Structures are given as C-alpha cells and as structure tokens.
Amino acid sequence: MLPLEGEVPPVEDDDRIPSGQYRLSLLEKVDGWVWLTGGTSTAFIQRVEESLWKEGQGPWERPVIPVEEVAFKVAMALEAGELDDPEEFMRGVYNNAIF
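What you see is a predicted model; the values in this text were computed from it and never measured.

Trainee: Give a description of the overall build of the chain that names residues and reports values.
Mentor: Within the chain, the regular secondary structure consists of 2 helices and 3 strands. The N-to-C order of helical and strand elements in the chain reads β-β-β-α-α. Each of the 99 residues in the chain was classed as buried or not, and the buried ones make up 18%. For the chain, long-range pairs separated by at least 24 residues make up 55% of all intrachain contacts whose partners lie at least 6 apart in sequence. Summed over its atoms, the accessible surface of the chain is roughly 7700 Å², and 55% of this surface lies on carbon and sulfur atoms.

Trainee: Could you give me a rundown of the sheet that holds strand β2 (residues 20–34), with the residues and numbers involved?
Mentor: Across the sheet, which stays open at both edges, the 3 strands sit in the order β1-β2-β3 with antiparallel pairing between neighbours. The open sheet is flanked by β1 (5–8) and β3 (39–50), the only strands paired with a single partner. Each strand axis lies, on average, 45 degrees off the axis of its neighbour in the sheet, ignoring direction.

Trainee: An account of a negative patch on the surface is needed here, citing residue identities and associated values.
Mentor: On the surface, Glu 82, Asp 84, Asp 85, Glu 87 and Glu 88 cluster together to form a negatively charged patch. Exposure remark for Asp 85: the relative accessible area of 38% places this residue in the partly exposed category.

Trainee: A description of the nonpolar core should follow, citing residues and the corresponding values.
Mentor: With 7 residues, the main nonpolar core is built from Leu 2, Val 8, Tyr 22, Leu 24, Val 48, Leu 52 and Met 90. Beyond its immediate sequence surroundings of up to four residues, Val 8 is in contact with Pro 18, Ser 19, Gly 20, Tyr 22, Leu 52, Glu 87, Met 90 and Arg 91.

Trainee: An account of the pattern of salt bridges is needed here, citing residue identities and associated values.
Mentor: Counted according to the given criterion, the structure contains 2 salt bridges. Ionic pairing is found between Arg 23 and Glu 50, a salt bridge with its closest N-O pair at 3.8 Å. One end of the pair, Arg 23, is in strand β2; the other, Glu 50, is in strand β3, and 27 residues separate them in sequence. Lys 73 is paired through a salt bridge with Glu 69; the nearest N and O atoms lie 3.3 Å apart. Taken together, the residues Lys 73 and Glu 69, both in helix α1 (residues 67–80) and 4 residues apart, mark about one turn of the helix. Among the residues examined, Glu 69 registers a relative accessible area of 36% and is labelled partly exposed.

Trainee: Any chance you could break down the pairing of β3 for me, citing the residues and the numbers?
Mentor: Bridging between β2 and β3 involves 11 bridges; their strand directions are antiparallel. Note that in β3 the partner of Leu 24 across the bridge is Val 48. The antiparallel pairing of β2 with β3 creates a hairpin that spans 4 residues between the two strands, and Gly 38 there sits at a positive phi of about 70 degrees.

Scoring rules and cut-offs
- Numbering of residues starts from 1 in every chain and runs along the sequence as written.
- In view of the model being predicted, local features appear only for residues whose pLDDT reaches at least 70, and side-chain atom pairs are presented and counted only at 80 or more, with totals across whole chains, interfaces and linings using the full set of residues.
- Note: side-chain values were computed over all heavy atoms of the structure, leaving out hydrogens and water.
- Helix and strand labels come from DSSP, where a helix needs a run of H or I of at least four residues and a strand needs a run of E of at least two; each type is numbered from the N terminus.
- Three labels apply to residues, based on accessible area from a 1.4 Å probe with only protein chains included: buried if under 20% of the type maximum, exposed if over 50%, partly exposed otherwise in between.
- Note on contacts: a residue pair qualifies if any of its non-hydrogen atoms lie within 4.5 Å across the two residues.
- Per-residue and other accessible areas were derived by the Shrake-Rupley procedure at a 1.4 Å probe size, with only the shown protein chains allowed to occlude residues.
- Between any two strands, at least two bridges found by DSSP are needed for them to pair.
- Fitted lines through C-alpha atoms serve as axes, helices being fitted only where they are in contact, and the angles separating the N-to-C directions of these axes extend from 0 to 180 degrees.
- Note that patches include only residues with greater than 30% relative accessible area and no salt bridge, and the join distances are 9 Å for like charges and 5 Å for nonpolar side chains (Val, Leu, Ile, Met, Phe, Trp, Tyr).
- A side-chain nitrogen of Lys or Arg and a carboxyl oxygen of Asp or Glu constitute a salt bridge if their distance falls within 4 Å.
- Counted as positive: Lys and Arg. Counted as negative: Asp and Glu, with His and the chain ends omitted from the count.
- We put the charge of a Lys on NZ, of an Arg on CZ, of an Asp on CG and of a Glu on CD.
- By nonpolar core we mean a set of buried residues, namely Ala, Val, Leu, Ile, Met, Phe, Trp, Tyr and Cys, connected to one another through side-chain atoms within 4.5 Å.

Laid out in structure tokens, this is it:
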C-alpha cells in the first residue's frame, strides 16, 4: 500500500516534473488468490485526494510505449522487487484517481 500522505521532492535539473505534497485515502483492502504468483495477494484500492497536479499546468508529455514492452518491464521489475517507489507513482496521478 502506498503511504496515505507525503511529499515528493523536486527532481534535480528538471522543473517540469511535478513535486510537492500528496494525500490518499484507503477505500478498500481485498485479499485473493493469484495464479501468477501461486499464492495469496492483497490489493489496496486507494483514491487520490490531493495530487501533485496543479490547475492550468497542462499534461506532462510521455512517449508512447508498446504494451508488450510495458508488460516486459513490469515483469522484470516484479522479479527484481523494484515496484515499490511511491514517489515515482505519485508523479503520474491526478485528483480523484482510483487505482
């Protein structure tokens, strides 16, 4: 589960990347069997109450990555235990997002 509140520091040498305070709320916690891992897993449904997004800021352009490449990167990061960076996640969400 992501921390329910915190601060994401600015990225050195790039003021286009959002930073600042964020706040989330926990809507639901669901436990279930996952065939991919062969065991029980927990999903946390959280809502973004306050994001890093600022009114009038406009979208932050990201390159379009093929779905296959995204899936491969997720699988590799899952195996390496690298899917736990809340600061990186918070830079990409908006108010009232549910994930």
